[in-house]
Structure formats: C-alpha cells, structure tokens
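As a plain string of letters, each chain reads:
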4 protein chains.
Amino acid sequence: MIVVMKAHATENEVTEVLDRVEALGLRGHLSRGAERTIIGVIGDDRPVEPEVLEVLPGVEKVMRILHPFKLASRDFQPEDVVIRLANGATIGGGSVSVMAGPCAVESMDQLEATAEVVAAAGVKILRGGAFKPRTSPYSFQGLGEKALRMLREVADRLRMAVVTEVTSPEDVPLVAEHADILQIGARNMANFVLLRAAGEGGRPVLLKRGLGSTVDELLQAAEYVLATGNHQVALCERGIRTFETATRFTLDINAIPVLKGLTPLPIVVDPSHATGKSELVKPVALAGVAAGADGLIIEVHPNPAAALSDGPQSLTPAAFFELMSDVRRVAQAVGRPA
Amino acid sequence: MIVVMKAHATENEVTEVLDRVEALGLRGHLSRGAERTIIGVIGDDRPVEPEVLEVLPGVEKVMRILHPFKLASRDFQPEDVVIRLANGATIGGGSVSVMAGPCAVESMDQLEATAEVVAAAGVKILRGGAFKPRTSPYSFQGLGEKALRMLREVADRLRMAVVTEVTSPEDVPLVAEHADILQIGARNMANFVLLRAAGEGGRPVLLKRGLGSTVDELLQAAEYVLATGNHQVALCERGIRTFETATRFTLDINAIPVLKGLTPLPIVVDPSHATGKSELVKPVALAGVAAGADGLIIEVHPNPAAALSDGPQSLTPAAFFELMSDVRRVAQAVGRPA
Amino acid sequence: MIVVMKAHATENEVTEVLDRVEALGLRGHLSRGAERTIIGVIGDDRPVEPEVLEVLPGVEKVMRILHPFKLASRDFQPEDVVIRLANGATIGGGSVSVMAGPCAVESMDQLEATAEVVAAAGVKILRGGAFKPRTSPYSFQGLGEKALRMLREVADRLRMAVVTEVTSPEDVPLVAEHADILQIGARNMANFVLLRAAGEGGRPVLLKRGLGSTVDELLQAAEYVLATGNHQVALCERGIRTFETATRFTLDINAIPVLKGLTPLPIVVDPSHATGKSELVKPVALAGVAAGADGLIIEVHPNPAAALSDGPQSLTPAAFFELMSDVRRVAQAVGRPA
Amino acid sequence: MIVVMKAHATENEVTEVLDRVEALGLRGHLSRGAERTIIGVIGDDRPVEPEVLEVLPGVEKVMRILHPFKLASRDFQPEDVVIRLANGATIGGGSVSVMAGPCAVESMDQLEATAEVVAAAGVKILRGGAFKPRTSPYSFQGLGEKALRMLREVADRLRMAVVTEVTSPEDVPLVAEHADILQIGARNMANFVLLRAAGEGGRPVLLKRGLGSTVDELLQAAEYVLATGNHQVALCERGIRTFETATRFTLDINAIPVLKGLTPLPIVVDPSHATGKSELVKPVALAGVAAGADGLIIEVHPNPAAALSDGPQSLTPAAFFELMSDVRRVAQAVGRPA
C-alpha cells in the first residue's frame, strides 16, 4: 500500500501514520517529494483494509499495490487449478468444458429430453435449476428438492455430473448430496454467509460474478470460499450492468484474459445470461473460447417457447449441436482440446 | 405489455401470441401498422414475465407498460406508508428521520459514547452493525449476538430504537428479538431467501438498494417483503456503481423523487456509504433532504481514526452536530419538520 | 507518480525506469518491499502521461499521486473564480446564479415570452440554443445566426446576459459576438479543437461534463480552455450515463462537493438534462443547491407541449416561479445569497 | 411508437395526442386496457422524437417500436455494405480485414519500420495518427499535415491504403487528400458538425463508438454521415465506460452480433483501445473475430517502450505476427477468409 499525505500534512501526522503501520505488523518507508510526502507500506498488507490508514489525519489517499486476495492469486498458486469430478469430467487445465441443460428443471420429461440432447452433443456436465432466485416473487421459483433428485437420476443414467445453484446456507447439505458442483448465482456473489457455507459443502463451487461487481471483488468473493480450505473453485463471467440496453447485460470479454493472468482458477463464460437472446449465444460463446475461457455454461431447452424461465435465451437442440461443433473448431484454432 | 412482432411475422405467429396471452388469463388487442404488427396485452400483467411472450416465434420484443410490482406501487396504495416504532419514532409521512450510530459495534464504550452523542443531537433511532458483510474474509466481521445485546441495552437506556443488519435467514429471529428494524444490506438486496425471512420477522424492514440494481428491481425486492404481509418497509438509496472513481459509489439523487412518485414507502438516503468520505457526507445528506428524502442514515464514531470499519466515512461528534443543525434548516426550507 | 514493478523485475529493468524518469526531468525514489519494488517519482509530473513509464519492461502499473491538471486545480489557484458579465451578473463566489430560458430559440415570440418570465423571476442570464446538436439528423437543428441575434436583442432589452452553445470552431467568432458566455455541450466536452477555439473566443466558457466522462477528465478538458489564457471558466454537471433507465441520465450529486474541493472554478448544475422530466427538475435543482452548486441552468418554455425540443423537461412559467422561490429558501438555509 | 397514457388521463388528453399524431402525418390506433389507455402510432415515425408526444398532458411515457435510424438499417438496405479502396483492399462482405500501424506517426523512420512490418504480415490498410485528440493539453498532439504526407508516401510505396483520424471540420479536405478512409474518433462520435463534414469528404468513413454511447446512438451518428449521400461507412467497437477498472474500457462483445443484425455496415473491433494493455490485445482480437467482426484495427510499434503515445497497448512486430497467424486460424474456424 502507498499512503499519500495531503500537501500540508504535519510531521506529527506523518509520524502517526508510521506508528499505525507498525502497529499492523508492517513497515513504513518514507519518501518526500516536491509536492507530496508518501509512505510505502512494506510487508504483506493484503488483509489490511486501506481505510485503516485513510482515516488518519493528514492522509489524502491510500492506494493498493497488491491485489486484496491471496489464496485466489497466481502469486500464491502459480499452476492452473483443475476441477475433477466423479464422472471423469474436468474444468480447467487447457481443455474447454461445456456445461449445458435447462434453465430450470420443469419436469422429468423436459429434463430427460434436454439431458439426452446435450449428452449426445458430448457434454459431460448437466446444468439445471432447482432453486431459482427470481427478480419477481410472482415468477416460478423452481421445484426444489424434487428437481435435485431428478437431476441426479438423469445424470447418473447418462454418466454426467450435475451443477446446480444453491441459494441459502441451510440448503447446502441437501444440494451437496445431489450435485457435483454447487453454483453460487450472480445475485449472491457477495452473500458471504452463503459463500462460507458453500465452501464447507465438500463439493467444487462455481462462483458467478455479480452484475455490479469488479474482477477484484469476484476474486475476493472466491477468497471466502478458498479460506474454508476448499480449493476446487471455478469463476464465471456472465455479463455486467452497463448503460447499454440492447442486451440485458454486457459480457466483459476483457475479464477473461485479465482473470487468467491474476488467478489459477478456471474461468467459465455464460453467454446465455450475458446476452439474454438465443441468437446471440453462439457468437458470444465462440468469443469466450477465443479469448481463453476454460468452459461455457449454456441454457438449452427442447422447446424454448414453452420454457417456464429464460426461454428467450435458451438454445434449441439443433442450435446447440451447431454451437458445439463451432466451439470445437474455434477451440482447436486456438490450440485447445474441446 | 406490448408485443412487437417482427417485420415479416406470419399470421400463424400472431395467432400463437394471441393464444398464449389468453392462456395467461389476459386479452390481446391487435394493431397492424405499416411496418410492424403490435399486440397490446389487456389485464393485470404485472406478475407475468415478458420472456413468456418474447420467446414465441415471430416476436421481436416485448415492452412493459405497467411496472412489475404491485404491493409496492402507489397505484395500489396511494397514501404514504409511515413506519411506527415502539419508542414513538417514525419514518415517513412528511418529517425527516435521522438514524445514526457507528458502522460496527466495537465495544460497549464505543457504542455508548456514540449513542449519547447522537441522542443528544436529537436522533431517536440508533444504527450499529452486529453482523458485518465485508468484501474481504480477513476484515472484522462484527461482534454478532453480543453486539445485538449491547445495542438493545444502550438504546433502551436512551429511549432509542435500534436498526441493524441481518445477513442470514437463520439469524432473523435473533436479530428481530433485539432490533426494532431489520436492515437488508445492499449486497443482499437480491437475496430473495433472506428477503422472505426478514419479511416474516415481525419487524419493519429497511431495504437498501443493490449497488448494481435499478429502481424497478429495488421495488421488486420490496415486493418480496411486502408479499409476506409485512407492509412496514422503508427503502434506502446508498449509491450505485458507475464509471466515476472519485467517490466509491454515485448517489442516485434522481432516484429520490422517482421513488416518491412510484411508491408510498418511505425513502431513506445513506450519504456515508454513497460517498465513502466524511467531508462529502454533509453536502450529500443535505441534497437528499432537499430532493425529498424521508430520512437519513449516518455513520458516526467518537474517534473515526480508531474505527474498525468505515472510519473514513464516519463523522466526528462535532461534525454530526453541525450536520443535524443544517439538516433542520434545509428540511424547514422545503416545508418539512425534522 | 508511483511506478510499481512486477514481482520478478530485474535490476536492469529498475535502472531503465529510473533513467526514463530522469530523462523526463524528474527524480526517482526507490523503495524495496517484501513483494514489490516501487519507484516514487519526485517533481511536477502532472503533464507526464503514466503510459510513458507503464510501457517499460518489468513495470506492473503506474499510479498517479497528483491530479493530471494544474491550471484548473485549487493547489494552483486557491481562491474561488468569479465570472463577471457585462450586465453585472456573476457566477461563483458564494451566491447561487440561475441561468434560464428555452432549450432552443424557436421564434421571437417564444423567446420574448420566455425571457420576460425568467427575468421577472429574477434571472439575469438568458439561455437559449441557436446551434442544436441533436442525436438524430432528422430533428430540428436550431435557427443558427438568426437565433443569436434574437437572443442578443431580447437580452439587451431586459438587461440580461446570454449563454448559448457553440458547436464548431468556425462559429466561435460569430457566437462570441452575440453571447456573453460560450457553452460547450456535453457531447463536445472532449472535442479539443473546439475547446481551444472557445478559449480564444474572448468570452467566459461554460463547459458541460461529458455523459461518459469522469470528474478528472472534465477538469482536464477545462485545462484545454485555461491553457489559452482564458480563466473565466465554469463547469456544469448535467448527469452521466449509468445502468439506471428510470431517468435519461443520473445526476452525479457527489461530484459537486468533489469538484468544489478540487477546483476554484464555479460549478453549475443542469437538472433539466440530468433528469429529462419536468416533474423531477425542482427536487434535483434544490439538491444541487443544498450540495453546494454555484448555479443552475434550467429549461423553461411558455408552452412546453408545443416546444420543438426538450419539451418534457421544460418548466412552465408557473413551475419556474415556484422553483425560484424554493431555490432562494434552500440557498438561504445553507447560508448563501441567491 | 406507442403512447402510454397515465392511469387517469381524460378523454380530452387522449384526443389531443391523437390530433398531434395526425399533425405529424401519422395515424393513431387507440387501445383501452383495464389499467391504461395506449395509442399505437402507425406510419414511419423514425424521424419523430418521442418527446414531441411525451410532453403532452396525460401522457405517461412513449416507447419506440422502430429503431430511430433508417439509412443505417438492414430494413432499408438488407445486403452487406462493402467498402472498396483504391489499392484493392476491402472492408465487409465476409472476410476479416486488418488495419494496423502506429498510434501516432512520430517520424519517417518509425512509420516506415512499422508499415513494413504490418505489410509483411499481410496488412493492406495502414493506420497512423496525424491529428491526435489527447485528454491532456500537455500531451503530444500529433505531427499534423506532415504526418499525413508521410502516411501517403509510405503507403504508396507498400501499396497500402491509409486510415487516419480527422478532428476538425476544417481539416476534412486536407485529410481526404492524403487518406483513403477518414476516421472519426470515439470522443467525436457525437460531434455532428464533424460527422456531416466527414460525410462530404468524398472518402469512406470509419466511425468509432463513443465511450458513453449506446449501439442505437452509434447508428444514429452513422445516419448523419449516410444522410450526406456517402454510404461507405464502417463502424468500430472500441470499448465503453463501465465500473470495471481492471481495463481502461470494456469491449462490448455483445455489440458485434447485435450490430450485424441491425445494420449492413461493416463492424470493426479495436482491441488496442478497448483493453489498453498489449498482453490483452490478442485474446480480445480473436474474440472479436469469433463473434463476427468484419475487421480489426491494431496498434503496432517497432519499439513500444519508446512510443510517444499508447505504448502500453502497442504490439511489438513479433507479437503482431503471432496475432495475424492466430486471427487467420480463428477466421477460418468460423468459415471466413482473412
């Protein structure tokens, strides 16, 4: 951290900052410029909030040098994390993994029809919502435990793994019993109670970026999970809020190479939520792969027009087959197995 | 809702939309323009998600006419909601209510010192964090239940009410036992499990706007609480995420009169979190009052330089007295008691 | 500036940075931490672009300590700038100045009717568009020179000053001949050719913040004008682009006290463009005054329903009289003449 | 357009809207719902501003059905526009065109060295800045006319075309004399005087999206150029302003397929400005191609560490060769010549 003193800070104020730095177990290095005195903080200050120094009299601002996360950082763990699932599927480590399935589990028929399609296209991880966090209290909220059992049954028959969202700390054991990966949704990215509970669930965690959250905050949220000792964490870019209204969200494509540089955790792209429109899913999915994503998560429905949720962004079976074929070609073009 | 058909939509596609509209218990009104056919949906379509129609073949887009909330709307409840607390304090109904206290309860001494200051300045509602949702897992996370008991004890002695945040559905009964108002923090605005639990807690709810959430989404989140039958809900504007980095967030001042027009729920402004800097708290608080806010929530600390959290945005006792005096003058200038 | 070296930067890379710093006429101060080496740049580095150092091998990032503007800074000119006009009107220096008039000059009748209303309400500076930058090429683009002559004639009769927008460097002499203040619109804030030409126009300049521009960029744009030797510059906050769609733009109320701290230039608020809706103009205007603005610029039309542009955000004469009366009360409440 | 009346709008107010619609040469279609009356506007209302109806008494809001541009729309011109240059190079029509060169022309040596590299890599269009719009008045502003002559000379020798920015209407004839394509920079996207002048320059125009501008506004800006009769226009996505600070801008990857659907104009991606960091240029460039872009514009410098501007985002010759090779592979994977 760098502490920048105000133009007319006194000697006493400078001393007070140096004392506070030492009280934190760190060392301060003083540098007097023509216009400002600055104090470099020496030591591992990642766990220190800048505000602890910013609040002192005479301080103009405090700037971080190191990113405010540690376990999630490549500095700490240089090699790529690979998530390994019971059915042999992996996420991370060079290949492009596709997770696919319906937005919400609506019925055994719908789930089976979808799962068979995506399995036939080569997908090894089945997605499907059991607990649905919906903006409106009047919308379909998911089939809950019943859906979890259906997911498990269908996945087992097709030798697939299951990824599904958990929305409450209390539900973690139940979801962990049926699913292979616990998904934390974008709206819960900063639900720290849930992050800790999910970390302790004994399953890999797929953490989606909050729609108003920075890359750094996503990595700090991952730190909550990693701090429980669970290192099987994947991150998901699913679009952020911007002023553009042509699409529901704006996929932050820059974030993919940025994250690949900062963290060894696998990065997944969700083009379905990032665009909200099925006709945009393929180009944006291919862009994600070209930019270096380790995986995709895609909504598919046997009959999108009848879907109880996210119909407009769900792919038909035919569109999904086409997407998979193009994903393989682009993955190969950038030197990666898919 | 208005359904806009694509330029070359077929008769069959139009019929399918009309059928779907009727299946939803609504009526469709057809209008053929030179370039587009549009279908007006007649009836109360607030609980219907536009995607249910957007997904149909031949549909270009679907636009809402009515806001997607009902219980939170002035159409439904025209008169201002007034929150009434056991100690006689109110929020809403014309006056300007101030809630103040430390960001986090750190100790009995710190809490008492702060509470006495804000009580002396005329404040009737004490704020203070017991469960702190922090961006970093390494930051101070609050004293939990111990802090709740301190808040109650100090508030009772000073005849104040207590507002404090609840971060987990499981904690609702405990927090409701000690607090007069349950606060839902910005990071949990779309934690729908928590919203429902808080609504059922038997206490008024102060719901903060998510930092990436629109005014409409804030009102839909309120709808989750209202749908539990709990109508004592206040909303809080606390700054949104924008590209500007001079302040931590951007207070959306426009949202205050916008919300006053859309909903009868009281609107509170949080200038401490919206700015992140103590020297900006007063001008932004006064702006909130001038724009029509029903209340303010302000962080105060007897010694901000020693605060365990949010020191840089906490007011000293002297600064808080000055703020209260100016708030009264501005409130009076716009014809409101404070 | 602070140069942060990468974790494994070599001695040669550090030396190269120090050499580049010296080549810029500045001095480097080395500080070796446990995890990173940092180099503090000593001297006035405001005119230096961080990229000049960021590009060197081994550099992780470069952070500014000083704001990248000088003439616009309170460090350079501590006392408030007051703009003084020929008719005795002023902007800045403690009082609240109101500029008002129609969005666009449409006819002599419309202009006179509006000017008489705003003059009767105590306004000394008449606004009115002659050259209108419109999003669509098919919209009314203003009456040009004819409008300029009308503005001058009406203003002279009512002893008012004129503020009007200039959109092209070539038009500066013509506009400067008829107007007292040259306005640079938000869409031209970063039109540096125009900024320079306007600075050389011999008139005070009212510079509006770009809708996608930060406070720092606004001050750098002001620097372009100030660098011509013209120090009579006022800045205008008129709303920025955010994800919120309830209003056309989001007025950045925080920016008012932030700017008052950074610069001695007067700060004006435009609640008409920031909200886009006449019913929001008054509360947001009052918020601006409460937050410390030096002035307001307001759109008024004798018959908004017949306006050729910006009708929905124009105040009727009656609404404008009410606004002026409330502005005076709030200004007084915060200790300022209006 | 759809006019939504307020809940309690009177018959007179409805009639007034219908009258105004007719006065605009359009027809109104009335539809009375349970809660709102709506009026559909029938006819080509693209050139009509919604505010003309929004301002009428009793109107709650006005929603566009048709996009507010015409000449830029695929409805109007379904087939892809192909820009054809004198040296045989094209932009649009299926292939991926790369424009490359230095950010700014600094000297004949630097320009030649760069041009030879990019020509050797297969590039047919040389980019290079002569007039540089810089955020700070103290930064290098370009060599002006001298640079234009160098660009022409070098390009002619290597049989390349030249694209360079024009920043002032007065300079259009001069730039058009030396360049094959006139570039309008992001900061001037809404400089409508310049757009018109550029349209009349007799050369194709490359129009960059403003950093705070929506896709619709970009197409309206293109409409200004197209309305001059010049149909050789390409659009460029170069990143927008968002809350994310890890990169200078956020490339809006969604905008590429969105634009391809809305307009026949070619879409170019600028990964250099969108990311600001050379190590991110390749992944984001490949993403652009995978998403369907018709071209790329890339900054290259023989020695980025010595560049007078944009060094950190400029590619070295070696990195550029690698990029070109990967671009070809990804282009092929998505079925396009490069």
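A brief look at the structure comes next. (Residues numbered from 1 in each chain as written. Chains lettered and ligands numbered in written order. Predicted model: local features only at pLDDT ≥ 70, side-chain atom pairs only at ≥ 80, totals over all residues. Heavy atoms only, no water.)

### Side note on the overall build of chain A
- Helix and strand content of chain A: 11 helices and 14 strands.
- Across its three principal directions, the C-alpha atoms of chain A cover 75 × 40 × 40 Å.
- Here chain A, with 338 residues, has 65% of them falling under the buried criterion.
- Considering only contacts in chain A between residues 6 or more positions apart, those separated by 24 or more positions represent 67%.
- Chain A carries 34 positive and 41 negative side-chain charges, and their two centres are separated by 4 Å. (Helix = DSSP H or I, 4+ residues; strand = E, 2+ residues; numbered from the N terminus. Buried < 20%, exposed > 50% of the residue type's maximum accessible area, 1.4 Å probe, protein only. Contact = heavy atoms within 4.5 Å. Lys, Arg positive; Asp, Glu negative; His and termini not counted. Charge placed at Lys NZ, Arg CZ, Asp CG, Glu CD.)

### Some points on the pairing of strand E3 (residues 37-42) of chain B
Residues and elements named next belong to chain B.
- Within E3, 6 of the 6 residues are buried, which leaves it mostly tucked inside the rest of the structure.
- Summarising the sheet, strand E1 (residues 2-5) and E3 pair through 3 bridges and their orientation is antiparallel. Directly across from Val4, in E3, lies its bridge partner Ile38.
- Across 6 bridges, strand E2 (residues 27-32) lies against E3 in antiparallel orientation. Counterpart to Gly28 in the pairing with E3 is Val41.
- Between E2 and E3, which pair antiparallel and follow one another directly, the connecting turn spans 4 residues. (Pairing = 2+ DSSP bridges.)

### Let's talk about the pattern of salt bridges
- With the rule as written, the count across this model stands at 100 salt bridges over all chains.
- Notably, a salt bridge pairs Arg209 of chain A with Asp252 of chain A, separated by 3.0 Å at the nearest N-O pair. Residue Arg209 of chain A is found in the loop between strand E11 (205-208) and helix H7 (215-226), and its partner Asp252 of chain A is found in the loop between strand E12 (233-237) and helix H8 (255-262); the two are separated by 43 residues along the sequence. The burial state of Arg209 of chain A is the same as that of Asp252 of chain A; both residues are buried.
- Residue Arg36 of chain B pairs with Asp75 of chain D through a salt bridge whose shortest N-O separation is 3.5 Å. With Arg36 of chain B in the loop between E2 and E3 and Asp75 of chain D in the loop between strand E4 (59-63) and strand E5 (83-84), this residue pair bridges two chains. (Salt bridge = Lys/Arg side-chain N within 4 Å of Asp/Glu carboxyl O.)

### Remarks on the sheet that holds strand E7 (residues 97-101) of chain D
Residues and elements named next belong to chain D.
- Strands sit in the order E7-E8-E9-E10-E11-E12-E13-E14 around a closed barrel of 8 strands; the barrel is parallel. Strand after strand, the sheet turns through a mean of 25° between neighbouring axes, direction not considered.
- Here 4 bridges tie strand E11 (residues 205-208) to strand E12 (residues 233-237), and the two strands are oriented parallel to one another. The partner of Lys208 across the bridge, within E12, is Cys236.
- Contacting E11 and E12, helix H7 (residues 215-226) runs over the sheet at an angle of about 155° to E12. (Axes fitted to C-alpha atoms, helices over the stretch in contact; angles between N-to-C directions.)

### Remarks on the relation of the copies chain B and chain A
- Take chain B, turn it by 180°, move it 0.0 Å along the axis, and it overlays chain A with an RMSD of 0.0 Å. In symmetry terms, the pair is related by a two-fold rotation axis. When each C-alpha of chain B is compared by its distance to the rotation axis, Gly212 of chain B comes out closest, at 2.2 Å.
- Most of the interface of chain B is mirrored in chain A, where 100% of its interface residues again form contacts. (Least-squares fit on C-alpha atoms with pLDDT ≥ 70 in both.)

### A few points about the interface of chain D and chain B
- With 26 residues of chain D at the contact, the number on the chain B side is 26 residues.
- At the boundary of chain D with chain B, total buried surface from both sides reaches about 2000 Å², with 62% on carbon and sulfur atoms.
- Contact with chain B buries area across many residues of chain D, yet Glu35, Ile65 and Phe243 of chain D alone supply 25% of it, more than any other trio.
- Counting across the interface, chain D meets chain B through 4 salt bridges.
- Our count for the chain D to chain B interface comes out at 7 residue pairs in polar contact (both at pLDDT 80 or more).
- Put simply, the parts of the chain that give the side of chain D that touches chain B at least two residues each are strand E1 (2-5), strand E2 (27-32), strand E3 (37-42) and E4 of chain D.
- Of all the elements, E2 of chain D adds the most residues to the side of chain D that touches chain B, at 4 residues. (Buried area = accessible area lost by both parts, 1.4 Å probe. Polar contact = N/O pair within 3.5 Å; in protein donor to acceptor, adjacent residues only side chain to side chain.)

### Description of the interface of chain B and chain A
- Across the boundary between the two partners, chain B contributes 44 residues, which contact 44 residues of chain A.
- Summed over both partners, the interface of chain B with chain A buries about 3800 Å², with 53% contributed by carbon and sulfur atoms.
- The three residues of chain B that bury the most area against chain A are Glu51, Tyr138 and Ala305 of chain B, which together make up 15% of that side's buried surface.
- Where chain B touches chain A, the interface holds 4 salt bridges.
- Taking the shortest distance from any N to any O, the salt bridge between Glu51 of chain B and Arg134 of chain A comes out at 3.6 Å.
- For the pair chain B and chain A, the interface holds 18 residue pairs in polar contact (both at pLDDT 80 or more).
- Listing elements by their share of the side of chain B that touches chain A, those giving two or more residues are helix H2 (51-54), helix H6 (192-199) and helix H7 (215-226) of chain B.

### A few points about the pairing of strand E11 (residues 205-208) of chain C
Residues and elements named next belong to chain C.
- Burial of E11 is two-sided: the residues Val205 and Leu207 facing one way and the residues Leu206 and Lys208 facing the other way are all buried.
- Bridging between strand E10 (residues 181-184) and E11 involves 3 bridges; their strand directions are parallel. Counted as the bridge partner of Ile184 is Leu207 from E11.
- In this view, the connection linking E10 to its parallel neighbour E11 by way of helix H6 (residues 192-199) has right-handed handedness.
- Chirality of the crossover, the property in question, places the unit of E11, helix H7 (residues 215-226) and strand E12 (residues 233-237) among those that are right-handed. (Right-handed = clockwise from strand over helix to strand, strands pointing away.)

### Some remarks on unusual backbone geometry
- Despite not being glycine, Asp310 of chain A shows a phi value in the positive range, around 55°.
- Here Asp310 of chain A shows up in the loop between strand E14 (295-299) and helix H11 (317-333).

### Re H6 of chain B
- Most of H6 of chain B sits out of view: 6 of its 8 residues are buried.
- Those residues of H6 of chain B that sit buried are Phe192, Leu194, Leu195, Ala197, Ala198 and Gly199 of chain B.

### Quick look at the side chain of Asp326 of chain A
- Inspection of the secondary structure assignment puts Asp326 of chain A in helix H11.
- Among the residues examined, Asp326 of chain A registers a relative accessible area of 10% and is labelled buried.

### Structural notes on the relation of the copies chain D and chain B
- By a simple turn and slide, chain D fits onto chain B: the slide is 0.0 Å along the axis, the RMSD is 0.0 Å, and the turn is 180°.
- Most of the interface of chain D is mirrored in chain B, where 100% of its interface residues again form contacts.

### A look at the sheet that holds strand E13 (residues 267-269) of chain B
Residue and element names in this part refer to chain B.
- Taken together, the 8 strands give a closed barrel; going around it, the order is E7-E8-E9-E10-E11-E12-E13-E14, and neighbouring strands pair in parallel fashion. With strand direction ignored, the average angle separating the axes of adjacent strands in the sheet is 25°.
- In the sheet, E13 pairs with strand E14 (residues 295-299) via 2 bridges, with the strands oriented parallel. What sits directly across from Val268, in E14, is Gly295.

### Let's talk about the packing of aromatic side chains
- For the structure on display, the rule yields 4 aromatic pairs over all chains.
- With 4.5 Å between their ring centres and 20° between their planes, Phe192 of chain A and Tyr224 of chain A make a pair best called stacked. Here Phe192 of chain A is found in helix H6 (residues 192-199), whereas its partner Tyr224 of chain A is found in helix H7, with 32 residues between them in sequence.
- The side chain of Arg238 of chain B reaches across the aromatic face of Phe249 of chain B, ending 4.3 Å from its centre. (Phe/Tyr/Trp six-rings, centres within 6.5 Å; stacked < 30°, edge-to-face > 60°. Lys NZ or Arg CZ within 6 Å of the ring centre and 35° of its normal.)

### A few points about the packing of H7 of chain C against helix H8 (residues 255-262) of chain C
All names here are of chain C.
- Where H7 contacts H8, the axes come no closer than 11 Å and their chain directions differ by 45°. When the axes of H7 and H8 are compared, the pair comes out oblique. For the pair H7 and H8, the crossing hand works out as right-handed. Taking contact as the criterion, the partners of Val215, Leu218 and Leu219 in H7 are, on H8, Ala255, Val258, Leu259 and Leu262.
- Classifying every residue of the contact of H7 with H8 gives 7 nonpolar, no polar and no charged. (Parallel < 35°, antiparallel > 145°, perpendicular 65-115°, else oblique. Left-handed = near helix turned anticlockwise from the far one by under 90°. Nonpolar A, V, L, I, M, F, W, Y, C, P; charged D, E, K, R; others polar.)

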